[in-house]
Amino acid sequence: MLNIIWLFFFLSAFVTALIKLFVFGNQDIFTQMMSALFTLSKTAFEISIGLTGILALWLGIMKIAERSGFVQLLTRLLTPLFQRLMPEVPANHPALAAIVMNISANALGLDNAATPLGIKAMQELQKINPHPETASNAQILFLVINTSAVTLFPVTIFTFRAELGAANPTDVFIPILIATYISTLAGLLSVAWMQKINLLDKVIIAYLSVFTLLIASIVVYFSNLDKTEMLQQSAFISNFVLFSLIIVFLCGAIYKKINTYEAFIEGAKEGFQTAITIIPFLVAMLVGIGVFRASGALEIISQSIRQFILYLHLDDRFVDALPTALMKPFSGSGARAMMIDTMQTHGADSFAGHLASIVQGSTETTFYVLAVYFGAVGIKNIRHAAGCGIIADFAGIMAAITITYWFFG
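The shown structure was predicted, so the numbers you read here are calculated from the model rather than taken from an experiment.

**Section: the packing of aromatic side chains**
For step 1, the next point in the chain: Following the criterion strictly, the structure yields eight aromatic pairs and no others.
For step 2, the next point in the chain: With centroids separated by 6.0 Å and ring planes inclined at 65°, the aromatic side chains of phenylalanine 14 and phenylalanine 30 adopt a geometry described as edge-to-face. Of this pair, phenylalanine 14 sits in helix H1 (residues 2-22) while phenylalanine 30 sits in helix H2 (residues 29-68); the two residues are 16 residues apart in sequence, bridging distant segments of the chain.
For step 3, the next point in the chain: Assessed through its relative accessible area of 42%, phenylalanine 14 is described here as partly exposed.
For step 4, the next point in the chain: On the accessibility criterion, phenylalanine 30 (28% relative accessible area) is partly exposed.
For step 5, the next point in the chain: Considering the side-chain rings of tyrosine 207 and phenylalanine 211, the 6.2 Å spacing of their centres and the 50° angle between planes classify their relative orientation as tilted. Separated by four residues within a single helix, tyrosine 207 and phenylalanine 211 lie in helix H9 (residues 202-223), roughly one turn from each other.
For step 6, the next point in the chain: By the ring-pair criterion, three or more aromatic residues cluster together here, those being Phe8, Phe9 and Phe292.
For step 7, the next point in the chain: One residue, arginine 317, lies across the ring of phenylalanine 351, its end atom 4.4 Å from the ring centre.

Written as structure tokens, this is what we have:
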């Protein structure tokens, strides 16, 4: 699947460039595409090198957590759920702990923490994968949950909205929460359908009910706060929880008389090796995205959609935010740039500005995660992972559009 996607980027970009050259006389188009190739390959390397320190840090902390026993505690709490969702993963397997930590970091909007934890989980799942080059059911389910997981505190989006002049930067909080929950549910349902997971199992229903109640409680709590206090509480809780978690791991290690420094160094070495491993996979995906964007193919898709919407005599305001939606599955930084451009062009408090923010917070960089996570363990046959991830993204985008009309239309 990744091979097809990668070829599509280049071939569609080439065809688009030829049309621009011979039909519209744009002689700079191939220069722009080649510039994108070199720039994005350099960017991919820089991102990989930048990840080295983060990977070393968080895999070092994970090693301390493993040795201090807290990972096992979290695993026992969620083992009944994951045993039913991932029956091929043995009870108390290290992969379950890494999955739990990854989901927690994603929920807090801590992308830099979530990525190394996600790679760690994928590596652990690979150890029990009977077909090393083909994604297992557990790896696919984890990846789809990862790419669609609920984000409780999208602080980065609040910050950009504040910088770009939004009157109430956090007014997208509740819409994002609702949209991302729909995205997660759609992703889980699609994987359950493909893998024939019984979601009517009493344990699964119980866990989903608890998660739903938790989301509802958070919505009620933040609904009673004014906009400024909501932003402050979101930022404070996110950072407080993460740093407190590190301290808890360290204290547990001290209690068990574990050499925390040696444990950290051992985990950090794994992080360094992982960062080197993902470089070629990241370069491949980012240069493909770069030429696709530089050719103008992405812009053509957006304009075609607008004409179709107008032909149906429907409101086309959402089309102004579609570049963010179309870019997000491929590139987080690209989608972020699209969101900022939309807010600068139309205003942070415009319909398009609100929608771009909600889309940014309710969908994930599916193909980036596919490239990095599967690339880190050498997976070539991704089976239905991309399809289920796209379903989750599509559900999140449609939910974001619907909710934006509901809240801000």
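That shown, we press on.
**Focus on unusual backbone geometry**
Peptide bonds are mostly trans, and most non-glycine residues show a negative phi.
For step 1, the next point in the chain: Even without glycine at this site, lysine 196 takes up a positive phi of about 55°.
For step 2, the next point in the chain: Mapping lysine 196 onto the fold places it in the loop between helix H8 (173-195) and H9.
For step 3, the next point in the chain: Overall, the relative accessible area of 73% leaves lysine 196 in the exposed class.
For step 4, the next point in the chain: A positive phi is found at histidine 313, a non-glycine position, where the angle reads about 60°.

**Structural notes on the nonpolar core**
For step 1, the next point in the chain: Among the nonpolar cores identified, the biggest contains 72 residues, and Leu85, Met86 and Phe374 are the most heavily contacted of them.
For step 2, the next point in the chain: Sort the elements by how many residues they give to this core and helix H17 (residues 366-377) lands first, with ten residues.
For step 3, the next point in the chain: Setting aside residues no more than four positions away along its own chain, leucine 85 makes contact with Leu141, Leu188, Ile197, Leu199 and Ile204.
For step 4, the next point in the chain: Core analysis: the second largest hydrophobic core is formed by 34 residues, Ile215, Leu225, Ala325 and Phe351 among them.

**A few points about the pattern of salt bridges**
For step 1, the next point in the chain: In the structure shown here, the tally under the stated rule is eleven salt bridges.
For step 2, the next point in the chain: One salt-bridge network, in which partners are shared between bridges, spans Lys63, Arg67 and Glu266.

**Let's talk about the side chain of glutamine 139**
For step 1, the next point in the chain: Tracing the backbone through its elements, the reader meets glutamine 139 in helix H6 (residues 137-148).
For step 2, the next point in the chain: A relative accessible area of 0% places glutamine 139 in the buried class.
For step 3, the next point in the chain: Reaching out from glutamine 139, the side chain makes a polar contact with the backbone nitrogen of serine 136 at a distance of 3.0 Å.

Reading the values: the criteria
- Residues numbered from 1 in each chain as written.
- Predicted model: local features only at pLDDT ≥ 70, side-chain atom pairs only at ≥ 80, totals over all residues.
- Heavy atoms only, no water.
- Phe/Tyr/Trp six-rings, centres within 6.5 Å; stacked < 30°, edge-to-face > 60°.
- Helix = DSSP H or I, 4+ residues; strand = E, 2+ residues; numbered from the N terminus.
- Buried < 20%, exposed > 50% of the residue type's maximum accessible area, 1.4 Å probe, protein only.
- Lys NZ or Arg CZ within 6 Å of the ring centre and 35° of its normal.
- Core = buried A, V, L, I, M, F, W, Y, C linked by side-chain atoms within 4.5 Å.
- Contact = heavy atoms within 4.5 Å.
- Salt bridge = Lys/Arg side-chain N within 4 Å of Asp/Glu carboxyl O.
- Polar contact = N/O pair within 3.5 Å; in protein donor to acceptor, adjacent residues only side chain to side chain.

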